[in-house]
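The residues making up each chain are set out below.
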Amino acid sequence: MTGNSKLTAILFFIFYLILTYFVFVHQNMIAMYMMAIGMLLEATINLWHMFKY
């Protein structure tokens, strides 16, 4: 996950903290968009690292 990069892992952690905030304040559409973007970014990074080596 996240290509074994500490920086990427920290950025995703912050991203998902913000996502969790939006869920708790009932901003569900923003949270759904962020979740879709986060999942796509993680999958893209993992795919990139699988084919990179």
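Residues numbered from 1 in each chain as written. Predicted model: local features only at pLDDT ≥ 70, side-chain atom pairs only at ≥ 80, totals over all residues. Heavy atoms only, no water.

Focus on a nonpolar patch on the surface
Just so we agree on the cut-off: What goes into a patch is any residue over 30% in relative accessible area without a salt bridge, connected to like charges within 9 Å or, for nonpolar side chains (Val, Leu, Ile, Met, Phe, Trp, Tyr), within 5 Å. Every accessible area reported is derived by Shrake-Rupley at a probe size of 1.4 Å, with residue values counting cover from the shown protein chains alone. Salt bridges are defined by distance alone: a side-chain nitrogen of Lys or Arg within 4 Å of a carboxyl oxygen of Asp or Glu. Secondary structure is summarised from DSSP: a helix means a run of H or I of at least four residues, a strand means a run of E of at least two, and numbering begins at the N terminus for each.
Nonpolar side chains collect at one region of the surface, where Ile10, Phe13, Ile14, Leu17 and Ile18 lie side by side and expose about 480 Å² of accessible area between them. Looking at the secondary structure, you find Leu17 in helix α1 (residues 6–24).

What about the packing of aromatic side chains?
Rule in force here: Any two rings among Phe, Tyr and Trp, with Trp reduced to its six-membered ring, count as a pair given centres within 6.5 Å; such a pair is stacked if its planes are under 30 degrees apart, edge-to-face if over 60, and tilted if neither.
Scanning the model with the defined rule gives three aromatic pairs in all. Both rings, one in Phe15 and one in Tyr16, keep their centres 5.5 Å apart while their planes meet at 75 degrees; by these two values the pair is edge-to-face. A connected cluster of aromatic rings, assembled from ring pairs, spans Phe12, Phe15 and Tyr16.

With respect to the environment of Glu42
Relative to the helices and strands, Glu42 is located in helix α2 (residues 28–52). Distance from Glu42 to Phe12, taken between C-alpha atoms, is 8.5 Å for residues 30 residues apart in sequence.

A short note on the packing of α1 against α2
Let me state the cut-off plainly: Helix axes are fitted to C-alpha atoms over the stretch in contact, other axes to C-alpha atoms as well, and angles between N-to-C directions run from 0 to 180 degrees. Each angle is binned into one of four classes, with values under 35 degrees roughly parallel, values over 145 roughly antiparallel, values of 65 to 115 roughly perpendicular, and all other values oblique. In this scheme, a crossing is called left-handed if the near helix is turned counterclockwise away from the far one by less than a right angle; it is called right-handed if the turn is clockwise. For this analysis, residues touch if any pair of their heavy atoms sits within 4.5 Å. Under the scheme applied, nonpolar residues are Ala, Val, Leu, Ile, Met, Phe, Trp, Tyr, Cys and Pro; charged residues are Asp, Glu, Lys and Arg; polar residues are all the others, including Gly.
Two elements in contact, α1 and α2, have axes whose closest approach is 8 Å; the angle formed by their N-to-C orientations is 160 degrees. Considered as vectors, α1 and α2 are oriented roughly antiparallel to each other. Handedness of the crossing formed by α1 with α2: left-handed. Every residue of α2 that contacts α1 at Thr8, Phe12, Phe15, Tyr16, Ile18, Leu19, Phe22 and Val23 is listed here: Asn28, Ile30, Ala31, Met34, Met35, Ile37, Gly38, Met39, Leu41, Glu42 and Ile45. Tallied by class, residues from the contact of α1 with α2 come to 15 nonpolar, three polar and one charged.

A closer look at α2
Each α-helix turn comprises 3.6 residues. Residues three or four places apart therefore point the same way. Keep this limit in mind: Expected span of a helix: the number of residues minus one, times 1.5 Å. The rule is simple: take the accessible area with a 1.4 Å probe, protein chains only, and divide by the maximum for that residue type; under 20% is buried, over 50% is exposed, in between is partly exposed.
Its 25 residues give α2 an end-to-end C-alpha distance of 36 Å, which sits within 8% of 36 Å, the value for a rise of 1.5 Å per residue. Residues of α2 that are buried include every one of Ala31, Met34, Gly38 and Glu42, and no others. Of the surrounding elements, those touching the buried residues of α2 are α1.

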